[in-house]
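Reading the structure
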Amino acid sequence: MEVVILADPAAVGSHTAELVARRAAETPDMVLGIATGSSPLGTYRELARLHAQGDVTFDGVRCFALDEYVGLPERHPASYALVVERELTTPLGLDPANVRTPDGSAADIQQACLDYEHALAASGGVDLQILGIGTNGHIGFNEPTSSLASRTRVKALSQQTRMDNARFFAKGEDVPTHCITQGLGTIMEAREIVLVAQGEAKAAAVAAAIEGPVSSMCPASLLQFHPRTRIVLDEAAASGLT
Ligand code: F6R
């Protein structure tokens, strides 16, 4: 596990964007695993800037999102399908046919989870996975106590995560209770992982992930077993490290 500590969120975004751009240049049809939420937005916006300047192309890049809420109306602004369209597909000029999010409104949700695993396997697997981390140490929506070998499945969101994510929903609107998420076993199959975290609110989870025991109580700690993981932090997110 390689830990990179940078001065501020802007530096985290440019460092991570440069890594993604380099991998896209090396492997133009790479499979990119994408997180949503606020942590990677600086990275995505920097990638969009590089793309607009003509410095990088994502024409052949294939993307798989980590997770999606269950039961949101189609095209709800907080749905990850829409976030991905807004933050990645459009600004990076991705081919929409190459971008997938789990189908949180499928009639047969268990089948949707299986289909997602099959699609990931059929793609050849994720070359580079971008992750954020929850304040409770989750990655994807693998909440504490998630099985370390889990695959894509339906999970209940913890109270903490629902509170943390209320900011993405309109005032008074209910945050969904469930999601589809890639499992920890699924995420660990990515050939390379980069986790980004900024801000003091992430400091305890980051310290537990990097320095704590590997435990399902902090799902991100499983990354200690991954052979090619880089954790990119700003100083505030790194402030709990010894
Ligand atoms: C989102 C995801 C989550 C977030 C995490 C942090 O696709 O997989 O694990 O990365 O909840 O969210 P932010 O970045 O909003 O603090």
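Residues numbered from 1 in each chain as written. Predicted model: local features only at pLDDT ≥ 70, side-chain atom pairs only at ≥ 80, totals over all residues.

One open sheet accounts for seven strands, arranged β1-β10-β9-β6-β2-β3-β5; its pairing is parallel. The open sheet has two edge strands with one neighbour each: β1 (2-6) and β5 (99-100). Packing of helix α3 (residues 80-92) onto the sheet brings it into contact with β2 (31-34), β3 (62-65) and β5, and relative to β3 it is tilted by some 145 degrees. (Pairing = 2+ DSSP bridges. Helix = DSSP H or I, 4+ residues; strand = E, 2+ residues; numbered from the N terminus. Contact = placed C-beta atoms within 7 Å. Axes fitted to C-alpha atoms, helices over the stretch in contact; angles between N-to-C directions.)

With that settled, the discussion passes to the nonpolar core. If you look at the biggest cluster of nonpolar residues, it comprises 66 residues, and the most contacted ones within it are I34, I133, L195, V206, A209 and A220. Ignoring any residue separated from it by four or fewer positions in sequence, one finds A220 in contact with I133, G137, I139, L195, A205 and A209. (Core = buried A, V, L, I, M, F, W, Y, C linked by C-beta atoms within 7 Å. Buried ≥ 20, exposed ≤ 12 C-beta atoms within 10 Å, placed from the backbone.)

This brings us to the packing of helix α2 (residues 41-52) against α3. Orientation of α2 relative to α3, taken along the N-to-C sense of each, is 15 degrees, at an axis distance of 9 Å. What the angle tells us is that α2 and α3 run roughly parallel. In this structure, the crossing between α2 and α3 has a hand that is left-handed. Within the contact between the two elements, α2 uses L41, Y44, L47, A48 and H51 and α3 uses E87, L88, P91 and L92. Classifying every residue of the contact of α2 with α3 by side-chain character gives seven nonpolar, one polar and one charged. (Parallel < 35°, antiparallel > 145°, perpendicular 65-115°, else oblique. Left-handed = near helix turned anticlockwise from the far one by under 90°. Nonpolar A, V, L, I, M, F, W, Y, C, P; charged D, E, K, R; others polar.)

Neither face of β2 is exposed, since V31 and G33 on one face and L32 and I34 on the opposite face are all buried. Across four bridges, β2 lies against β3 in parallel orientation. In the sheet register, I34 faces β3, and the bridge partner there is A65. Viewed along the sheet, the connection from β2 through α2 into β3 turns out right-handed. (Right-handed = clockwise from strand over helix to strand, strands pointing away.)

A separate point is the UniProt feature "domain: Glucosamine/galactosamine-6-phosphate isomerase" (unreviewed entry) in the chain. Look at the UniProt record and you will see "domain: Glucosamine/galactosamine-6-phosphate isomerase" (unreviewed entry) annotated at residues 11-224. Secondary structure within residues 11-224 divides into 36% helix and 14% strand; the distance between the first and last C-alpha atoms comes to 24 Å. (UniProt positions renumbered as here; feature names shortened; annotations may be inferred.)

Here we take up the environment of T135. Inspection of the secondary structure puts T135 in the loop between β6 (128-131) and β7 (153-156). We classify T135 as partly exposed; it has 17 C-beta atoms within 10 Å. T135 sits 51 residues away from T186 along the chain, and the two C-alpha atoms are 21 Å apart. When near neighbours in sequence (up to four residues on either side) are disregarded, T135 contacts Q160, D164, A201, K202 and A205.

This paragraph deals with helix α4 (residues 109-122). In this model α4 runs 20 Å from its N-terminal to its C-terminal C-alpha over 14 residues, within 8% of the 20 Å that 1.5 Å per residue would give. C113, Y116 and L120 are the residues of α4 that are buried. All buried residues of α4 lie within an arc of 60 degrees about the axis, which places them on one face of the element. Projecting away from the buried face of α4 at angles above 90 degrees are the exposed residues Q110, Q111, H118, A121 and A122. Packed against the buried residues of α4 are β3, β7, β8 (178-181) and α6 (184-188). Of the residues trailing α4, G124 is marked for its positive phi of about 100 degrees. (Expected span 1.5 Å × (residues − 1). Arc of directions from axis to C-beta.)

Its location among the elements puts S150 in the loop between β6 and β7. Setting aside chain neighbours within four positions, we find S150 in contact with N142, G183, L184 and G185.

Okay, unusual backbone geometry next. Phi is mostly negative for residues that are not glycine, and the peptide bonds are mostly trans. Its identity as a non-glycine residue notwithstanding, R75 has a phi of 65 degrees, on the positive side. Among the secondary structure elements, R75 is positioned in the loop between β4 (67-69) and α3. Unusually for a residue other than glycine, T145 sits at a positive phi of about 85 degrees. Following the sequence through the fold, T145 ends up in the loop between β6 and β7.

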